[in-house]
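So you can see what is in the structure, the chains are spelled out below.
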Amino acid sequence: MALKTEELVLNMGPQHPSTHGVLRLLVELDGELVVNVKPIIGYLHRCFEKHCEALSYNQIVPYTDRLDYLASMSNNLSYVMGVEKLMGIQVPERVEYIRVIMAELQRIASHTVALGTYGLDIGAFTPFLFLFRDREKILDIFEATCGARLLYNYIWVGGLSHDIPDEFVPMVKKFIKEFRPTIEEVNELLSFNKIFIERTANIGVLPPDTAINYGITGPSLRGSGIKWDLRKNDPYSIYDRFEFDIPVGEGKVGTVGDSWDRYWVRMLEMEQSLRIIEQAIDNIPDGDVHEMVPKRIKAPKGNVYVRAENPKGELGFFILSDGKNNPFRVKVRPPSFVNLSVLGELSKGYLVADLIAILGSLDIVLGEIDR
Amino acid sequence: MYDLLTNLLGNQIVAYVIAASLPLIFVLTFVLFAVLAERKVSAHMQDRLGPMRVGWHGIIQTLADMLKLLQKEDIVPEGADKTLFNLAPLLTFLGTYAAFAAIPFAGIYVGSSTAIGIYYVTAVSGLVVAGLLLAGWASDNKYSLYGAMRTAAQIVSYEIPTAIAILTMVMVSGTLSLMKISDMQTAHFWNWWILGGPETGIVKFLLIPFMIITFLIYYISSLAEVNRTPFDLPEAESELVSGYHTEYSGMKFAFFFLAEYANMFAVSAIAVTLFLGGFHSPIGYLGHSLGIDWLVPVEQFFWFTFKGTALVFVQMWLRWTLPRVRVDQLMVICWKYLIPYAVVNLIIVGIITLL
Amino acid sequence: MELYDIIFYLVALMVVVSAAIVVGSKNIVRAAYSLLFTFLGVAGIYILLGADFIGVTQLMVYVGGILILLLFGIMLTNKVYSVDIRRENAYIIPSIVIVGIFAAFLIFVMTETNWVTADPTFPNTTVFELGKTLLVHYSIIFEILAIVLLIALIGAATLARNDNKER
Amino acid sequence: MKTPEEVYNILKEKFGEDVILSYDDSQPVEPVISVDPLKIHEVGKFLRDDENLLFDSLMVLSGVDDFNGKKVKDEEGNMKEEGRTLSVYYNLHSMKLNHKVLVKVSTPIEDPKVESVEHVWRTADWHEREAYDMYGIIFLNHHDLRRILMPDDWGERYPLRKDYEDPEYYNGMKVPY
C-alpha cells in the first residue's frame, strides 16, 4: 500500500537561532529527513563592491572590516596585500611581523567563535562561554593596539595605522599561557564527549574531490583530509619563516571529512596559530610602521588577484585598476560564500538536527556572504 | 491531613481547599527559587556571576522577571486556534500540579495518601503530553508542531522505562502507596531502597547493585520526561527555536515555565520517595532525641525538599555540561537500551526477592 | 447536599457538557480535547464510586494512551496548516432517532430495575482484591488476553515493516 | 608548473585562434588570456582535465562592466553607444601543479551571453548567479540562474553596471531618500 505523502517545506530563517545570521534556508522535509535545502542569501547585502568603485583605495579598508566581521584583521591584510602588489610596495619587516601576529590572533578569535557556536548548535552551552572568555582577551589586546574591539581598520596600505603599544608583547605572552588550558578544557568538555561525537561523526561527509570541485577552502577543506593551506602552499607575507603544521581531518572518530573532522581541524589550528605567534612575538624588529604608507594611492592600470588564508578559508580580492584614484572593479571571493554553496549537496538525506550540525561545521559569516 | 485540618478548622470544605492549595504555595516558591538557582548554577559553571543586580546577588531576579512577564502583551498568533491556544498552558500545568497531590512532603503533609499513589502520579503526568501537544498544534507554527510531536513521542516512549523502574520498586516494596514506601525507609540511610531497603542479610546485598541500576534508569528516563538536556529536543533552541512554546509570551509562557520547573521537582520527588528514603531523615530526628514532637514534621519537610532539590541540582548540572542528543538517538537510547535493561533488571530483582 | 454530592454533580456536568462538545464540534481537534475532559470526568466518577484503581487506569489508558494516539493521528494525517480540520455532521435526524430509542431503553431499565444498594462504606483499597481476582480466579483469561494483544502488536509491526520494504 | 604564456600556447595549439582570441601581458601583474565566450566551457574542461594543466580550482569568477563604449552618431543624428562589452574573468589555479592563469571572456552588452562553466567547476554556480545578478550576464546552460543577492523582484536592473541608476520606486517605496 502506497500512501500519498507530501513534503513539508520548512522555512528556516532569516530569523533563526542557528543560521548564524540572516540566512534563510528553504528546507524540504520528509518527516524529519532533509530532502532538499536551498540557501537564500542577500538579506545583509550592503553593496560593498559598488561602494568600492566610488571610494579611494585607502577608504576601502574600513569597509573590508565589515566583510567577515569576526576576522577583520585578516580581511584588512588580504585587501591591503592586493593593493601593495598592484603598486609594488615592499613593507618593512616590523610591519610584516605585526601583521602576522595580528592575523594569527584573529584566527584564534574567529575559531573560538566558530567552535563555541558549534557547541551551541549541538546544545552544549558551557564551552561557548569558556571560549568567549578567552576571545575577550584577544579583543583586549586589539583594543590596546588600535582602540577598536571588532572593526579595527588597523592594517593600512604600506603599513599600519598605529604602532603596537608597550604592553602588547607581555599581553600576548600572557594570553598564550592562559589559552592552552582552555583548549584542554574544551577538549574534555566537548570534543571527546560521547554525545557530541555521536552527533557530529559521520554526519555531512564531504569527499575530497567534491570539496575541491566546489572550491571549498580553509578548515572545511582540510577537514576532508587535503593538506592545503595558503600560508604554506602559496606563502604570502612572511609565513614561510615560521614552523607550523597543517592539521587535516583524519577520521579520528568517524569518516574523513565529517563534521567532527572540520571541528577538530579548527581546534588543532588554534594550537598552530599559538606556535606561530610564539615564534614571531620575540623577533619583532624595530622600525617605523608608517615608513611606506603612500600619501596618495594611485595604482597603475592592471589587474591583480590576491588571496590569503582567512580563518574561514581563502579570502581573495580581484582588483581591476584603470589608473585612477578609485579602483575600477573590486570583486571579493568570500570563503563563506563558496563554502555555503555546498550545503545543499552536503545535507541531503540527513535529519533536520544534522542540517544544523552541518551548517555549523561549515562556519559561515553572513557579513561576507552577502557583502 | 484532612483529618488534622478538619479538626483544626471544623469545616470539611475549607480543609479540602487548604489541602489542595498547600502544594501550590510550595510549587510557586520552589519555582521562584529554582529559576534563580538554574541561572546561578549555569553562571558559576561558566565562569560568570549570573544575575547580580536585583537584590543581594540577584536574589529577587525571578520576581522581577515574573513582574515583567505579567506586564507583557498577550500575543495570540493570527492563525492560531484561540481557545485551545489559551487552554494549553493551563492543561500542562494541571497535569504537573495534579501529580503533587499524591507526593508526601512529610508525615503529615501529603495531599492525598491514597493507596495507589505512585500509579496515580504516573497516570496524571500523561496529561502534560496532551497539554504540550495542544500547545504545539494550536500555535499554528511548524516549529511548534515539530516540537510538540517530538515531545509527545519522547514522553510516551520514556514513560515505558520509567514505568518499568517504578514497577520494580512496587514489586520489592509490595505497595503502590507512596506513604508506605516512605515509611519502609525510615530510621537510617541504609534503609533506603537504593541501598537494599529494609531487607536483611544476603538479599539486601544482592539487591544493592540492581537497585542502583533501577534508580539510574528511572533518573535518566525522568530527565527525558521533563525535557531536560541531553533530552531537551522538544525545545531544542538551535533546531526548533523553542519548540512548542515558540509562540507563547507573557503569562502563558510563564505557565509553561512554571510547569517545567514544577515537573522537574515532581520527578525528583518521586525518585526521592522511591529510592532515597522519602521524607525520612537519613540520620535520625532531632525532634525525637530532644522530645519536641512538632519538630519532626519540620525536619521531615526539610529532608524531603533537600533531597529533591539535590536531584534538581543534578538535572541542572547535566544540562549545562552535556550537548543534546539527536531525535533518532533519543529513541535508540530508550528502546534499545533503557527498556531491555529495565525489563531484565525487573526479572532479576523479582528472582532476588523470591529468595 | 453534602460535599460528595456537589463533587458528583460537578463531575457529571463536566462529562455531559464535554461529551456534547465532542459530538457537536466541527473542529476535530477541539472534539478530541473535549474527549479528554470526558475521560477525566469519567475517571472522577469512578473514583467517587470508590473504584480508585479503575479511575486511575481510565486516566492512564485513555488519556495517556488512546487520546494521545488519536491526537497524533489527527495531527499527522491531516493538512494541519492552511486548511482547517473540519468535518460535517451528517445524518443528524437518523442519529437523533437511534439515540432517542436507546436513551428511552436506558431510562426504562434504570427506572424498572430493582437496584441492589451497596454498603455505603468505601472499601479501603481495591487494588488487592482486584489483583487477586485477576491473577487467581481469572488468570487463564487474563493470560489469553495478554497473548491476543501481543499477537495484535506483532501483526501491526509486521504490516508496517512490509510497507517499508516495498518502498 | 607552467607560466601563463605556456598555457596560452598550449590552448592556442589545441583550440586555434578562433577560440583563443588574444594574450595580453601589457599589464604589470597578471597577463590575461581572452577566450570566446561561447566556447569557454570547452576550454575550461580542457584546462581542468589536461594533465599538463590540471586547473582544478576556480579561485574566483568576476563579472566586470568594461564601460568601453564609444559614442557614435547614428544616421538620424542621435548619440548612441557602441562596442561596450561585459567581461567575465576566471582566476584559475592548479592545486596539484601550483600555477595560475587568468582567463577572460567578453560579450557585447546588448546580448550578454556566456557559456556556463558550472559543470566544470561547481564553484562557478553561485559566482555566475552573482554575475547575472549584478551585470545581467546570461550564463547559458546554468541549471538555476536566479538572482542571488538582490531581491527576486528587482526587475531588469543590474546594479554593478557603471551606468546604473537607482529606481524611483521599489514595491511602492520611494528609493532615493
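Computed from a predicted model, the values in this text were never measured in an experiment. (Residues numbered from 1 in each chain as written. Chains lettered and ligands numbered in written order. Predicted model: local features only at pLDDT ≥ 70, side-chain atom pairs only at ≥ 80, totals over all residues. Heavy atoms only, no water.)

(A) Just the overall build of chain B, in detail. Summing up its helical and strand segments, chain B has 14 helices and zero strands in all. Moving toward the C terminus, one meets the helices and strands of chain B in the order α-α-α-α-α-α-α-α-α-α-α-α-α-α. A compact globule built from 355 residues would reach a C-alpha radius of gyration of about 20 Å, and chain B, at 21 Å, matches this within 12%. Projecting the C-alpha coordinates of chain B onto the three principal axes gives extents of approximately 65 × 50 × 45 Å. A burial count over chain B gives 58% of its 355 residues as buried. The contacts in chain B between residues at least 6 apart in sequence include a share of 74% that link residues at least 24 apart. (Helix = DSSP H or I, 4+ residues; strand = E, 2+ residues; numbered from the N terminus. Rg over C-alpha atoms; globule rule 2.2 N^0.38 Å. Buried < 20%, exposed > 50% of the residue type's maximum accessible area, 1.4 Å probe, protein only. Contact = heavy atoms within 4.5 Å.)

(B) Geometry of the packing of aromatic side chains. For the structure on display, the rule yields 47 aromatic pairs over all chains. Note on F128 of chain A and F132 of chain A: the rings are 4.5 Å apart at their centroids and 40° apart in plane angle, and the pair reads as tilted. Of this pair, F128 of chain A and F132 of chain A are both found in helix α5 (residues 126-146), four residues apart, which corresponds to roughly one turn of the helix. Take F128 of chain A: its relative accessible area is 14%, and that puts it in the buried class. Ring plane angle 55° and centroid distance 5.0 Å describe the contact between F26 of chain B and F265 of chain B, whose orientation is recorded as tilted. With F26 of chain B in helix α2 (residues 12-45) and F265 of chain B in helix α11 (residues 250-275), the pair connects residues that are 239 residues apart, well separated along the chain. Of the two residues, F26 of chain B and F265 of chain B, both sit in the buried class. (Phe/Tyr/Trp six-rings, centres within 6.5 Å; stacked < 30°, edge-to-face > 60°.)

(C) Spatial organisation of the interface of chain D and chain A. Across the contact, 41 residues belong to chain D and 40 residues belong to chain A. Buried surface at the junction of chain D and chain A, both sides included, amounts to about 3,500 Å², of which 58% is carbon and sulfur. Our enumeration of links across chain D and chain A arrives at four salt bridges. Residues E53 of chain A and K162 of chain D are paired through a salt bridge, measuring 3.2 Å at the closest nitrogen-oxygen approach. At the boundary of chain D and chain A, one finds 20 residue pairs in polar contact (both at pLDDT 80 or more). Listing elements by their share of the side of chain D that touches chain A, those giving two or more residues are β3 (57-65), β6 (85-93), β7 (100-108) and α3 (124-135) of chain D. With seven residues, the top contributor of residues to the side of chain D that touches chain A is β3 of chain D. Looking at the side of chain D that touches chain A residue by residue, the class counts come to 22 nonpolar, eight polar and eleven charged. (Buried area = accessible area lost by both parts, 1.4 Å probe. Salt bridge = Lys/Arg side-chain N within 4 Å of Asp/Glu carboxyl O. Polar contact = N/O pair within 3.5 Å; in protein donor to acceptor, adjacent residues only side chain to side chain. Nonpolar A, V, L, I, M, F, W, Y, C, P; charged D, E, K, R; others polar.)

(D) Broad picture of the sheet that holds strand β7 (residues 313-321) of chain A. Residue and element names in this part refer to chain A. Strand order in this open sheet of three strands is β6-β7-β8, and the pairing throughout is antiparallel. With partners counted over all chains shown, the strands left at the sheet margins are β6 (302-310) and β8 (329-333), one partner each. With direction set aside, neighbouring strand axes in the sheet form an average angle of 15°. Relative to β7, β6 is paired through nine bridges, and the arrangement is antiparallel. Along β7, the bridge assignment pairs Y305 with F318. (Pairing = 2+ DSSP bridges. Axes fitted to C-alpha atoms, helices over the stretch in contact; angles between N-to-C directions.)

(E) Representation of the arrangement of the chains. There are four pairs of chains in contact here, and the one with the most contacts is chains A and D. When C-alpha atoms are compared, chain B and chain D, though not in contact, are closest at a spacing of 25 Å. Chain C shows no contact with chain D. Their nearest C-alpha atoms sit 25 Å apart.

(F) Representation of the sheet that holds strand β2 (residues 32-35) of chain D. Residues and elements named next belong to chain D. Spatial strand order, β1-β2-β7-β6-β3: five strands in an open sheet with mixed pairing. The open sheet has two edge strands with one neighbour each: β1 (20-24) and β3. Put simply, the sheet's adjacent strands are angled 25° from each other on average, direction ignored. Here β2 runs beside β7; their pairing, made up of three bridges, is parallel.

(G) Region of the structure containing the side chain of K307 of chain B. Residue and element names in this part refer to chain B. Counting through the fold element by element, K307 comes out in helix α13 (residues 295-319). One buried charged residue, K307, remains without a salt bridge, the closest side chain of opposite sign being E299 at 11 Å. Setting aside anything within four residues of it in sequence, one finds K307 in contact with W192, V272, L276, G277, G278 and H280. (Lys, Arg positive; Asp, Glu negative; His and termini not counted.)

(H) Fine view of the side chain of E314 of chain A. On the secondary structure map, E314 of chain A appears in strand β7. Here E314 of chain A falls in the buried class, since its relative accessible area comes to 2%. Separated by 2.9 Å, the side chains of E314 of chain A and Y305 of chain A make a polar contact. Apart from residues no more than four positions distant in its own chain, E314 of chain A is found in contact with T217, L230, Y305, R307, A308, R333, P334 and P335 of chain A together with M59 of chain D.

(I) How the structure looks around the nonpolar core. With 164 residues, the main nonpolar core has Y154, Y263 and F317 of chain A together with Y90 of chain D as its most contacted residues. The leading source of residues in this core is helix α4 (residues 93-122) of chain A, at 13 residues. Among residues more than four places away in sequence, those in contact with Y154 of chain A are M73, N76, I98, M102, T145, C146, L160, S161, H162, D163 and I164 of chain A. Among the nonpolar cores identified, the runner-up in size contains 122 residues, and L134, W137, L207 and L274 of chain B belong to it. (Core = buried A, V, L, I, M, F, W, Y, C linked by side-chain atoms within 4.5 Å.)

(J) Looking closely at the interface of chain B and chain C. In this complex, chain B contributes 31 residues to the contact, which on the side of chain C involves 25 residues. Summed over both partners, the interface of chain B with chain C comes to about 2,500 Å²; 82% of that surface belongs to carbon and sulfur atoms. Remark: the boundary between chain B and chain C carries zero salt bridges. Residue assignment for the side of chain B that touches chain C shows that the elements contributing at least two residues are α2, α4 (82-100), α5 (117-124), α6 (126-138) and α7 (142-173) of chain B. Sorting elements by how many residues they give to the side of chain B that touches chain C places α6 of chain B first, with seven residues. Residue composition of the side of chain B that touches chain C, by class: 23 nonpolar, five polar and three charged.

(K) Representation of empty space enclosed by the protein in the model. All names here are of chain B. The final tally for this structure, using the stated rule, is five cavities of 30 Å³ or more. Roughly 160 Å³ of internal volume is contained in the largest cavity. Forming the walls of the largest cavity are 16 residues, and the residues nearest its centre are V121, T122, S125, Y218 and V267. Of all the secondary structure elements, the ones that give two or more residues to the lining of the largest cavity are α4, α5, α7, α9 (201-225) and α11. Ranked by residue count, the leading element in the lining of the largest cavity is α11, at four residues. Of the residues in the lining of the largest cavity, the class split is eight nonpolar, seven polar and one charged. What the second largest cavity holds in volume is close to 100 Å³. Forming the boundary of the second largest cavity are 13 residues, of which L132, N227, Y244, E260 and N263 lie nearest the centre. Residue assignment for the lining of the second largest cavity shows that the elements contributing at least two residues are α6 and α11. (1 Å grid on protein atoms, 1.4 Å probe; cavity = no way out; pocket = protein on both sides within 12 Å on 5 of 7 lines; lining within 4 Å. Points joined across faces, edges and corners; volume = space filled by probe spheres on them.)

(L) Structural detail: the pairing of strand β2 (residues 24-30) of chain A. All names here are of chain A. Side chains L25, V27 and L29 project from β2 onto a buried face, and the interleaved R24, L26, E28 and D30 project onto a face without burial. Taken together, the five bridges between strand β1 (residues 8-12) and β2 define a ladder with antiparallel strand orientation. Along β2, the bridge assignment pairs N11 with L26. As defined by bridge partners, β2 adjoins strand β3 (residues 33-40) across seven bridges and the pair is classed as antiparallel. In the sheet register, D30 faces β3, and the bridge partner there is L33. The hairpin formed by β2 and β3 contains two residues between the paired strands, and G31 there has a positive phi angle of roughly 70°.

(M) Structural view of a nonpolar patch on the surface. All names here are of chain C. Taken together, the side chains of Y4, F8, Y9, Y46, I47, L49 and I54 define a hydrophobic patch exposed on the protein surface, amounting to about 650 Å² of accessible area. Within the residue set of the nonpolar patch, elements represented by two or more residues are α1 (3-24) and α2 (28-48). Here Y9 is to be found in helix α1. By relative accessible area, Y9 is classed as exposed at 51%. (Patch = residues over 30% accessible without salt bridge, like charges linked within 9 Å, V, L, I, M, F, W, Y side chains within 5 Å. Areas by Shrake-Rupley, 256 points an atom, 1.4 Å probe, with all protein chains shown as cover.)

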